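Residues per chain, in single letters:
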Amino acid sequence: MNAKVFGPLFSRVGILPAVAAQDAAVLSAWADAAVDAGVPALELFLRGEGAEAAVTAAIVSLRSSHPTLAIGAGSVYDAATAKRMIDAGAQFLVSPITDPATGAAATAAGIDWLPGAFTPTEISLAERSGATYVKLFPAAAINAPAFIRATLAPSPTSKIVPTNVGLDEIAALVAAGAAGFGVGPKLLDGADPRSATGIAARLRAAREAAGHPA
């Protein structure tokens, strides 16, 4: 049985970086940067050719090389994939959709789950299906601050996390009540994705903007 390590860590920092695992140099830079910036979790995307094999290997490798990081699998659509990632050692799961069977797999394993939702009905379903936080996806397709503000008005305990957020978007989302942020290549704004120093600087800036300075 695993422990729910992600939720308490994320609540203190409010930033979850996410990266593909196929490029070893990029993955290493993001992992090193997260540790340097005091960001204690890293999501690995299950996207693109060879993604599952790369993520499976990276979970094992990073849990050994970066033991202070909680390592999770993202883009998890179904329970079968969830179980494979859990068996590989994923400490949390992130999904673009709300699939209750995936939530059940995470609950059975005792790990955190961040399902995707795009309407108040979907947010409610995600919460009832075991979500620790609810990923607002695709946040870039709407006025995310207005959506979060309107949704939280009748449901103030919901924990909504927009993802693929740029640094200049964070302040308005904080003001609207976002519970945290998913960040990735968009955060770099053209900076070198293989520079741990540069990535760490952007992660610190994101933490500062989110109200959780390093």
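Please read all numbers here as calculations on a predicted model, not as lab measurements.

Visitor: How should I be thinking about the pattern of salt bridges in this particular structure?
Guide: Pairing between side chains of opposite charge can happen when the charged atoms of each approach one another. All told, the structure shown has four salt bridges when counted by the stated rule. Of the charged contacts, one joins Asp 23 and Arg 194 as a salt bridge, the two residues approaching to 2.4 Å between their closest N and O atoms. Highlighted residues: Asp 23 in the loop between β1 (15-20) and α2 (24-36) and Arg 194 in the loop between α9 (185-188) and α10 (196-209), separated in sequence by 171 residues. Arg 194 sits in the partly exposed class, given a relative accessible area of 46%. Put simply, Glu 169 and Lys 186 hold a salt bridge, and the shortest N to O gap is 3.1 Å. Highlighted residues: Glu 169 in the loop between β8 (160-162) and α8 (170-176) and Lys 186 in helix α9, separated in sequence by 17 residues. Judged by relative accessible area, which is 32%, Glu 169 ranks as partly exposed. Since its relative accessible area comes to 38%, Lys 186 is described here as partly exposed.

Visitor: In this structure, what is going on with the side chain of Ser 129? I would like to understand it.
Guide: On the secondary structure map, Ser 129 appears in the loop between α6 (120-128) and β7 (134-136). A distance of 2.8 Å separates a polar atom in the side chain of Ser 129 from the backbone oxygen of Leu 125. Apart from the residues within four sequence positions on either side, Ser 129 is in contact with Thr 98, Pro 100, Gly 103, Ala 104 and Trp 113.

Visitor: Would you explain the layout of surface pockets in this entry?
Guide: Remark: the empty space left among the atoms is shown by a probe the size of a water molecule rolled over them. Taken as a whole, the largest pocket holds about 220 Å³ of empty space. Along the wall of the largest pocket there are 16 residues; nearest its centre are Phe 45, Arg 47, Lys 135, Thr 163 and Asn 164. Where the lining of the largest pocket is concerned, the elements lending two or more residues are β1, β2 (41-45) and β9 (181-183). Tallied by class, the residues present in the lining of the largest pocket amount to nine nonpolar, four polar and three charged.

The rules behind these values
- Residues numbered from 1 in each chain as written.
- Predicted model: local features only at pLDDT ≥ 70, side-chain atom pairs only at ≥ 80, totals over all residues.
- Heavy atoms only, no water.
- Salt bridge = Lys/Arg side-chain N within 4 Å of Asp/Glu carboxyl O.
- Helix = DSSP H or I, 4+ residues; strand = E, 2+ residues; numbered from the N terminus.
- Buried < 20%, exposed > 50% of the residue type's maximum accessible area, 1.4 Å probe, protein only.
- Polar contact = N/O pair within 3.5 Å; in protein donor to acceptor, adjacent residues only side chain to side chain.
- Contact = heavy atoms within 4.5 Å.
- 1 Å grid on protein atoms, 1.4 Å probe; cavity = no way out; pocket = protein on both sides within 12 Å on 5 of 7 lines; lining within 4 Å.
- Points joined across faces, edges and corners; volume = space filled by probe spheres on them.
- Nonpolar A, V, L, I, M, F, W, Y, C, P; charged D, E, K, R; others polar.

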